[in-house]
Amino acid sequence: MEIQYQGEHLGFGVLGNILIILSFTAALLSAISYYFSFKQKSELSNSWNPLARISFGVHAVSVFGIVFLIYYLIHGHFFEYYYIWQHSNSVLPMKYMWACLWEGQEGSFLIWTFWHVVLSFFIIKKAGTWEAPVMFTMMIIQTFLASMLLGLEFNGIKIGSNPFILLRNHADFANLPFIQMADYLSKIKDGRGLNPLLQNYWMVIHPPTLFLGFAATAIPFAYAVGGMLTGRVKEWVKPALPWSLFGILILGTGVLMGGAWAYEALSFGGFWAWDPVENASLVPWLVLVGATHVMIIFNKNGTSLHSSYILCTLSFILVLYSTFLTRSGILGDTSVHAFTDLGMKGQLLIYMVFFFALAIFLSIKNRKLLSTRSEEDPVSSREFWMFMGMLILVISAIQISITTSIPVINKLFNLKMAPPADAIDFYNSWQIPLAAVIALLMSVGLYFKWKQTDMKSMAKKLLLSFIVSLLITIGVHYYFQFDRIQLVLLLFTSTWAFTANLDYFIRVLKGNIAKSGASIAHMGIAFILLGSLIANSEKTVISQNRLNVDLGKDFPNNENILLYKGDTLPMGEYYVTYKDKIKEGIHIRYEVEYLKADHSTGQFQKQFSLFPFVQLNDRMGNVSEPSTQHFINRDIYTHVTYAELDDKEVEKKTNEGYKPGKKYQLSIGDTITTSNSLVVLQSLNKDVDKDLLMLLESDLVVAANILVMDVNKKMHQANPVFILRGSEAFNRPVEITELGLRFAFIKIIPEENKFEIEVSEKEGNSREFIIMKAIIFPYINILWVGCLLMIIGTWIAIIKRIKKLRTA
C-alpha cells in the first residue's frame, strides 16, 4: 500500500523539475539555432536568430526561476527537500540565507549558470554580428552546466544532481525506518544547517563574485571559438579584449575576497595558505592576465595571435579544471573549500575534455590563418617585454598547477607522490622569485615604446624612481632585517614597480586618469606584493605564555598565552585581561581587554577590546573565529585556541562535591587539560596486583598510567583500573585529592586503538580560563590598498577599451 505522506509541498518540486528540464532543452535549442544562424550566409539565416533568442529567453527565465524557487524554499524551511535540509536550518540568520543557495554543488553550478545568463544579455545587446557565433559557444557551455542539475541516471551513469530531490528519496534517507512513516516530517525538527565556516559576510559576496569571474572567462573563449568557426580568425581579439579585462577585474576581486574571508574568519593566521582550491582559482586569473597582454600586443602590431587564442582557451579550460578539482572529491581533506564527490566526476571530465578537444580541433583547422608575421620583436620594444611577462605568468601558473594536481597525478598514474610537507614554504620558494621578475617587468614595461625604444632616454626617465626605490629598500630592510635574499629582491622590485608607475602617471601621463588604467593597476599589484611580503614575513606572535604552566604540544608556550578570568598579564607592548564570556545564540564571545600602563598614575588605561568567538555547531563541529583590531600601520589578530565551552552556572553538583565528569577518547601519548593541570595518558599496565584490589583471579584487569602536571610543574600519578568480569565491565576510579581530580577508566576501543577516560573535577576546583593566540601583521593595509588600486586601474582600462571599440 502506497504511503500517503503528510505535510509535503510537492508542487514546488514539480515546478523546479519542469524549470530544470526547460533550462536544459532551451539552452540546447538555442545553441543549435545560433549555429545555423551563423552558418547560413543568405538572408534565410535571419530566421534562426529569432528562434535562438526566444530559446535563450526561455532558458534565462528557467534559470532565474530555479534560483528564486530554491531561495524561497530555503527561506520557508521546506525540509522535505534534501538540498534545503542539508544546507539550511530554522535558526540561521537572514543575512546568511543566500549563502545556503551556493553552499552545495548544485547551487554553485546554478549560480555559475545564472551569471552566464546575465552576461549573455549584454552580448546579445552589444555584440552585433558576433552575436550568433559567440552565443553558440555560450549556449553550449550553458547546456553542459544545465545538465549538472538534471539528476538522471542511466545504467549506473549519473547525469547531474537534482536540487529538488525529496529527502525521503535521497540515498542517505531512503532506507531509514522513520521515512516509512506518513508523518516523517514531524520527526525532522530542523535542517542540518550551513557550514559554520561559511557563516560570514564575506561568504555571502565572495562565491557569487568568484563565479561571475568564472563566467567572464568564458566570453573571450567564446569570441575566440566564434572567430575560428566563422573564419574571422583575427577580428575576434578586439571585441574580446574588454571582456578579458572584465574577467581579470572580477575574478581577481573574487580571489582577493577569498583571502579577506580567510583572514577574518579562519584561524590559521593569514590571508593566503596556498590551499588547493585557492590555487585552482588563482591559476586561471594568472593565465587570463597573460592572455590580455598578448591580445594587446596583437591589437598593436599584429603578432601573438596564436598565443592569444591559446591563453584565452586555457583560462577557460583551467576554470573547468578548477571545477573538477573542487567537485570531484579528489582533493579529499586537503582543502577547506572542496566538495565531496556526488558521482559527477565523469560528467565533469567530459565537460572539460569536450571544450579542450574543440579548441585543439579549431586551432589545427585554422593553423594557417593563425600564423602572423615571423620577424622577431626587438629586445628594446614594449611588445617583447610584455611577451616575456606573459611567459613568467604562465610559468607561475604551471608550477602552481602541477603541485596542486598531485592527487590527480597519483590517481592517473597510480603513484604515491606526497604533497609538500610545508606547502606555504614550498610555494613561496618558487613564487617569490617569479613575483620579483613580474614586479621588475612592471617597473620598466610602460617606459618601453612599441617596436623600438631609445634605451638612454628610457634609462633617464627611470633613474629617479630607481634611486627612490633603492633608498626605500635599504631603509625597510634595515628596519625589518629580512633574512632571505629573495625577500629583499622582491622588496626592491615591488617598491620600484610602484614608484616607477607612479612616476609614469605623474610625469608621462600628466595625471590623465582616462589613460592611467595600466599604471594604476600595476601600482595596485605592486602594493599587493609589497603588503603580502611585509605582513607575512614580518608577522610577530606576541602571545607567549607567562605562567609557570606547560600548555603541551598542541598549544606551544611561545605562541599561546593562558589567561585566567580577571588576571592581567603582559603581552607584547600591551597588558591583556580576560574579562568575560558572553553567549549570543550559537556564538560564545570572549572579551579580551588590551591595556597599557600609565606610569604617571600607576594605573592601566584601556586601549581597546577584542571579541574572538567560538561558533557552536553540534553537527559539524565548533569553529573558532578570530577578532582583529585594525590600525593604520598594523593589525592585531587574536583567536582563542582553547576554551571550556560549558556554561558553569547550570552545571549540577554531585553528592561527592564533584561536577559531572567529562569523557575523553585518548590514544597513548595524548594530552588533555583540566582547570589546574595537564593530563597525559602515558601507557597501559596489564600487570596489576589483583589481591591488592580485592579482585578475582579470573578478572581481566588493565590500569591506565596517567601523568598529571599541576601549575607548579609538580608531577602526580593516577592509575585508574578497567575490569572485565565475564561479560560485565566496570572500573575503579582514583582521586588526586590535592588537585581535586578524579579519573575513571571507562572502556577500551580496540578498533580505534583508543581508551575512554573520564575526568571529574571538584566544584571549587575550576577557574575559568582561555588559551589565546595573538599575531601582529605589520603594514597589512598596504595589501588592501593595493587591492583597491588594482580594481580601479582595471576598471579604467575596461572603459578605455570599450571607448576604443565604439570608435572603431
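Residues numbered from 1 in each chain as written. Predicted model: local features only at pLDDT ≥ 70, side-chain atom pairs only at ≥ 80, totals over all residues. Heavy atoms only, no water.

## Some details on the overall build of the protein chain
When its secondary structure is counted, the protein chain shows 19 helices and 23 strands. A compact globule built from 808 residues should have a C-alpha radius of gyration of about 28 Å, and the protein chain, at 31 Å, falls within 12% of that. Here the C-alpha coordinates of the protein chain stretch approximately 100 × 85 × 50 Å along the principal axes. In the protein chain, which comprises 808 residues, the proportion classed as buried is 54%. Residue pairs in contact within the protein chain that sit at least 24 positions apart in sequence constitute 68% of those at least 6 positions apart. As displayed, the protein chain has an accessible area near 36,700 Å², and 61% of this comes from carbon and sulfur atoms. Averaged over its 68 positive side-chain charges, the protein chain has a centre that lies 14 Å from the centre of its 63 negative ones. (Helix = DSSP H or I, 4+ residues; strand = E, 2+ residues; numbered from the N terminus. Rg over C-alpha atoms; globule rule 2.2 N^0.38 Å. Buried < 20%, exposed > 50% of the residue type's maximum accessible area, 1.4 Å probe, protein only. Contact = heavy atoms within 4.5 Å. Areas by Shrake-Rupley, 256 points an atom, 1.4 Å probe, with all protein chains shown as cover. Lys, Arg positive; Asp, Glu negative; His and termini not counted. Charge placed at Lys NZ, Arg CZ, Asp CG, Glu CD.)

## Some thoughts on helix α7 (residues 202-230)
A turn of α-helix holds 3.6 residues, and therefore any two residues three or four places apart point the same way. Here α7 is 29 residues long and its end C-alpha atoms lie 42 Å apart, about the 42 Å a rise of 1.5 Å per residue gives. In terms of burial, α7 is a largely internal element, 27 of the 29 residues being buried. Phi turns positive one or two residues past the end of α7, at glycine 231, with a value near 80°. (Expected span 1.5 Å × (residues − 1).)

## Some remarks on unusual backbone geometry
Non-glycine residue histidine 77 carries a positive phi angle of around 60°. Within the fold, histidine 77 resides in the loop between α2 (48-75) and α3 (82-87). The exposure class of histidine 77 is partly exposed, given its relative accessible area of 28%. In this structure, methionine 694 takes a positive phi of about 55° despite not being glycine. Mapped onto the elements, methionine 694 comes out in the loop between β15 (677-685) and β16 (700-710).

## So, the pairing of β15
Two strands pair when backbone bridges link them, and strand β14 (residues 671-673) and β15 are joined in this way by 3 bridges, in the antiparallel orientation. The residue bridging threonine 671 from the neighbouring strand is valine 680, located in β15. Hairpin geometry of β14 and β15 is characterised by an intervening segment of 3 residues between the two adjacent antiparallel strands. Note: β15 against β16, 8 bridges, orientation antiparallel. By the bridge assignment for β16, leucine 678 is matched with methionine 709. (Pairing = 2+ DSSP bridges.)

## Observations concerning the packing of helix α6 (residues 131-147) against helix α11 (residues 345-365)
Contact geometry of α6 with α11 gives a least axis separation of 11 Å together with a crossing angle of 175°. It follows that α6 is roughly antiparallel to α11 by the angle criterion. Residues Ile140, Ile141, Phe144, Leu145 and Ser147 of α6 form the contact with α11, whose own contacting residues are Gln347, Ile350, Tyr351, Phe354 and Phe355. Each residue belonging to the contact of α6 with α11 can be placed in one class, and the counts come to 8 nonpolar, 2 polar and no charged. (Axes fitted to C-alpha atoms, helices over the stretch in contact; angles between N-to-C directions. Parallel < 35°, antiparallel > 145°, perpendicular 65-115°, else oblique. Nonpolar A, V, L, I, M, F, W, Y, C, P; charged D, E, K, R; others polar.)

## Notes on the domain arrangement of the protein chain
Taken domain by domain, the protein chain comprises domain 1 (1-194), domain 2 (238-419), domain 3 (561-649 + 769-778) and domain 4 (658-762). Between the C-alpha centres of domain 1 and domain 4 there is a distance of 55 Å. (Domains from an automatic or database assignment.)

## Focus on the pairing of strand β11 (residues 627-630)
Direction of pairing for β11 relative to strand β12 (residues 634-643): antiparallel, over a ladder of 4 bridges. Note on β12: the bridge partner recorded for threonine 628 is tyrosine 637. The hairpin formed by β11 and β12 contains 3 residues between the paired strands.

## Here we look at the packing of aromatic side chains
Counted under the stated rule, the structure contains 64 aromatic pairs. Pairing tyrosine 263 with phenylalanine 777 gives two aromatic rings, centres 5.5 Å apart and planes at 75°, and the pair type is edge-to-face. A residue pair is termed long-range when its members are at least 10 positions apart, and tyrosine 263 in helix α8 (residues 237-265) and phenylalanine 777 in strand β23 (residues 769-778) qualify at 514 residues. For the pair shown, tyrosine 263 and phenylalanine 777 are each scored as buried. Ring geometry for tyrosine 574 versus phenylalanine 608: centroids 5.5 Å apart, planes at 75°, classification edge-to-face. In this pair, tyrosine 574 is assigned in strand β6 (residues 574-584) and phenylalanine 608 in strand β8 (residues 603-610), connecting sequence segments 34 residues apart. In this structure tyrosine 574 comes out as buried when scored by relative accessible area, which is 3%. (Phe/Tyr/Trp six-rings, centres within 6.5 Å; stacked < 30°, edge-to-face > 60°.)

## Regarding a positive patch on the surface
Residues Lys238, Lys300, Lys451, Lys515, Lys800 and Lys804 make up a contiguous surface patch of positive charge. With respect to the helices, strands and loops of the structure, lysine 238 is situated in helix α8. (Patch = residues over 30% accessible without salt bridge, like charges linked within 9 Å, V, L, I, M, F, W, Y side chains within 5 Å. Salt bridge = Lys/Arg side-chain N within 4 Å of Asp/Glu carboxyl O.)

## A few points about the side chain of serine 516
Along the chain, serine 516 turns up in the loop between α17 (485-508) and α18 (517-537). According to the relative accessible area criterion, serine 516 is buried, its value standing at 0%. Beyond its immediate sequence surroundings of up to four residues, serine 516 is in contact with Phe505, Leu509 and Ile796.

## Notes on the packing of α2 against helix α5 (residues 105-126)
It is the contact of α2 with α5, at a shortest axis distance of 10 Å, that shows an interaxial angle of 145°. Of the two possible hands of crossing, α2 and α5 adopt the one that is left-handed. Within the contact between the two elements, α2 uses Arg53, Phe56, His59, Ala60, Val63, Phe64, Ile66, Val67 and Ile70 and α5 uses Leu110, Thr113, Phe114, Val117, Val118, Ser120, Phe121 and Ile124. Grouping the amino acids of the contact of α2 with α5 by side-chain chemistry returns 13 nonpolar, 3 polar and 1 charged. (Left-handed = near helix turned anticlockwise from the far one by under 90°.)

## What about the environment of isoleucine 467?
Tracing the chain through its elements places isoleucine 467 in helix α16 (residues 455-480). Isoleucine 467 sits in the partly exposed class, given a relative accessible area of 40%. It is 37 Å that separates the C-alpha atoms of isoleucine 467 and lysine 803, two residues lying 336 residues apart in sequence.

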